[in-house]
Amino acid sequence: MSLSIGIRREDKNEWEKRVPIIPEHVKELREKYGIETFIQPSKIRAFVDHDYKDAGANVNEDISDSNVVFAVKEVPINFFDSKKTYVFFAHVIKGQKYNMPMLKKMMGLGCNLIDYEKIVDEHGRRLVFFGRYAGLAGMTDTLWAFGQRLKSKGFITPLSDIKKTTSYGRLGEIKKHLVEVGEKIINDGFPNEICPVVVGFAGYGNVSRGAQEIIDILPVEEIAPIELNSLQEEYSNDVIYKVVFKEENMVQKLTPSSKFDLQHYYRHPEQYKSVFERYVPHLSILMNCIYWDDRYPRLITDEFVKNNFNEKFKLQVVGDISVDVEGAIQFTKKVTDPGNPVFVYNPMANKVIDGYGGEGIAVMAVDNLPCELPRDSSKSFSETLLRFIPDIAKADFSVDFKDLDLPPEIKKAVILYHGKLTPDYKYISKFL
């Protein structure tokens with residue numbers, strides 16, 4: 001049996017230029033495993049059609065000859081072929097309402113669905129992800145927003161020079177420029193009126209590490225959450241203070257407990273309340289990098305900011321990389337895009353206006369941040385996915401699910417098989 005895979009053209013919006021498999025790996029799959037690649041043409045893709053042709057791919061609008069189709073984002077409802085296997089970020093595991101029609105269509109056609117988000121190791125850690133690049137781009141955009149917001153208030157700082165992620169070509173350019181910005185911070189410092197400059201990170205996974213990779217290029221001093229109270233008494237104006245919050249810092253058991261148990265919190269979040277708002281008055285920037293659904297307490301509520309907001313309110317920008325609308329950050333009222341990444345939430349009027357100026361708190365809420373660094377993020381993603389592709393391409397998807405021969409990491413990520421929800425994902429049926 002000849003092995004073949006397809007790559008769908010990304011067309012969710014003008015910014016989505018990523019690919020799941022780069023030309024270099026298309027060539028390797030062909031030469032090493034005899035896997036042919038069919039790819040749809042694209043005028044905006046980070047890797048142009050000619051790159052794929054040179055790698056030996058078949059560039060064609062019709063990729064129906066492929067056994068398995070790979071994509072990045074959700075696939076349009078009219079794209080699916082009967083009984084075919086699709087691999088992409090499906091965004092259905094939380095029962096996302098907007099993707100239930102897509103899931104129903106796949107079920108009706110007897111399709112197989114493998115979701116990148118559920119490709120994990122034995123400890124539940126994701127193996128195929130863009131998370132680091134969401135952090136890299138999100139932190140850059142948030143620093144840009146912070147610099148511009150301070151400028152709109154009359155404070156010219158070294159951060160005023162930072163550009164949006166899309167204004168840089170590659171990650172290397174961002175890092176090179178931030179070295180220069182860091183030197184300015186050391187030499188010129190920040191205005192005393194906004195010091196100490198404190199950036200808080202909620203979460204410590206791939207997304208958070210990506211964001212910290214950017215901030216760490218600047219002169220940074222890391223402190224513990226418990227040190228925030230005393231920081232106001234003694235600080236420097238030529239550094240940025242960084243603080244990373246873990247679950248034990250952010251929530252507290254409703255009934256007093258001697259020791260925080262992370263696994264108990266994951267199993268019984270309803271027994272906990274948020275205590276994160278105690279830290280908010282000390283933060284200049286908050287980066288939200290946590291996984292959240294409505295079982296968990298919020299980090300910041302609308303009520304809190306309404307009751308505490310005044311002209312001296314320190315928090316200027318929230319980089320909401322997780323982008324759960326009205327979720328962990330309740331005043332994330334909408335998603336944004338790379339062309340217009342920021343809005344300002346006015347807690348007194350409970351309204352938002354686009355841009356970084358005006359009364360309130362600026363929110364960066366771009367929901368597809370890795371597409372702002374399409375070549376870098378695609379290369380990294382393809383490198384993590386590559387080892388699984390041969391097994392997916394050669395798998396016999398006609399057998400019963402119990403007999404399906406796939407690596408365990410991939411088999412655990414099969415959400416639909418022959419159009420039916422697999423045992424681990426039966427719960428999704430209640431959202432259909």
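The sections below set out a description of the structure shown in this document. (Residues numbered from 1 in each chain as written. Predicted model: local features only at pLDDT ≥ 70, side-chain atom pairs only at ≥ 80, totals over all residues. Heavy atoms only, no water.)

### Quick word on the side chain of E372
Position of E372 relative to the elements: it lies in the loop between strand 16 (361–364) and helix 11 (374–385). For the buried E372, no salt bridge is present, and the opposite-charge side chain at shortest range is K164, 8.1 Å distant. Within the structure, the side chain of E372 is placed 3.4 Å from the side chain of T165, a separation counted as a polar contact. If sequence neighbours within four positions are ignored, E372 has contacts with A137, D141, T165, T166, P338 and V366. (Helix = DSSP H or I, 4+ residues; strand = E, 2+ residues; numbered from the N terminus. Buried < 20%, exposed > 50% of the residue type's maximum accessible area, 1.4 Å probe, protein only. Lys, Arg positive; Asp, Glu negative; His and termini not counted. Salt bridge = Lys/Arg side-chain N within 4 Å of Asp/Glu carboxyl O. Polar contact = N/O pair within 3.5 Å; in protein donor to acceptor, adjacent residues only side chain to side chain. Contact = heavy atoms within 4.5 Å.)

### Observations regarding the pairing of strand 1 (residues 3–7)
Within strand 1, five of the five residues are buried, which leaves it mostly tucked inside the rest of the structure. Burial of the side chains of strand 1 extends over both faces: L3, I5 and I7 are buried on one face and S4 and G6 on the other. Looking at chain direction, strand 1 and strand 2 (residues 35–39) are connected through five bridges and run parallel. Residue pairing for strand 2: I7 is matched across the bridge by I39. In this fold, strand 1 hands off to helix 1 (residues 23–33), which returns the chain to strand 2; that crossover is right-handed. Where strand 1 and strand 4 (residues 68–70) come together, three bridges link them in parallel fashion. (Pairing = 2+ DSSP bridges. Right-handed = clockwise from strand over helix to strand, strands pointing away.)

### Digging into the packing of aromatic side chains
In the structure shown here, the tally under the stated rule is 22 aromatic pairs. Between F80 and F88 the ring centres are 6.5 Å apart and the planes differ by 35 degrees, which places this aromatic pair in the tilted class. The pair F80 / F88 is uniform in exposure class, with both members buried. Ring centres 4.9 Å apart and planes at 90 degrees place the aromatic pair Y116 and F381 in the edge-to-face group. (Phe/Tyr/Trp six-rings, centres within 6.5 Å; stacked < 30°, edge-to-face > 60°.)

### Re unusual backbone geometry
A cis geometry characterises the amide bond from C195 onward to P196, with omega recorded as -5 degrees. Tracing the sequence through the fold places P196 in the loop between helix 5 (171–188) and strand 7 (198–202). A positive phi angle, near 50 degrees, is found at H91, a position not held by glycine. Tracing the backbone shows H91 in the loop between strand 5 (85–88) and helix 3 (100–108). Positioned with a positive phi, N350 is a non-glycine residue whose angle comes to about 55 degrees.

### Considerations on the packing of helix 4 (residues 131–152) against helix 5
Interaxial distance between helix 4 and helix 5 falls to 12 Å at its minimum, and their mutual angle equals 45 degrees. Classed by the angle they form, the pair helix 4 and helix 5 counts as oblique. With respect to the hand of their crossing, helix 4 and helix 5 are arranged in left-handed fashion. Between helix 4 and helix 5, the residues in contact are R132, Y133, L136 and T140 and L171, I174 and K175, respectively. Of the residues assigned to the contact of helix 4 with helix 5, the class counts are four nonpolar, one polar and two charged. (Axes fitted to C-alpha atoms, helices over the stretch in contact; angles between N-to-C directions. Parallel < 35°, antiparallel > 145°, perpendicular 65-115°, else oblique. Left-handed = near helix turned anticlockwise from the far one by under 90°. Nonpolar A, V, L, I, M, F, W, Y, C, P; charged D, E, K, R; others polar.)

### Describing the pattern of salt bridges
For the structure on display, the rule yields 22 salt bridges. Across the salt bridge formed by K84 and D81, the nearest N and O atoms sit 3.9 Å from each other. The buried category is assigned to K84, whose relative accessible area is 9%. Owing to a relative accessible area of 31%, D81 belongs among the partly exposed residues under this scheme. Residue E213 pairs with K175 through a salt bridge whose shortest N-O separation is 2.6 Å. With a gap of 38 residues between them, E213 in helix 6 (residues 206–215) and K175 in helix 5 connect regions that are remote in the sequence.

### Observations regarding the environment of V48
Looking at the element boundaries, V48 is found in the loop between strand 2 and helix 2 (49–54). When the C-alpha positions of V48 and P23 are compared, they lie 9.3 Å apart, and in sequence the two are 25 residues distant.

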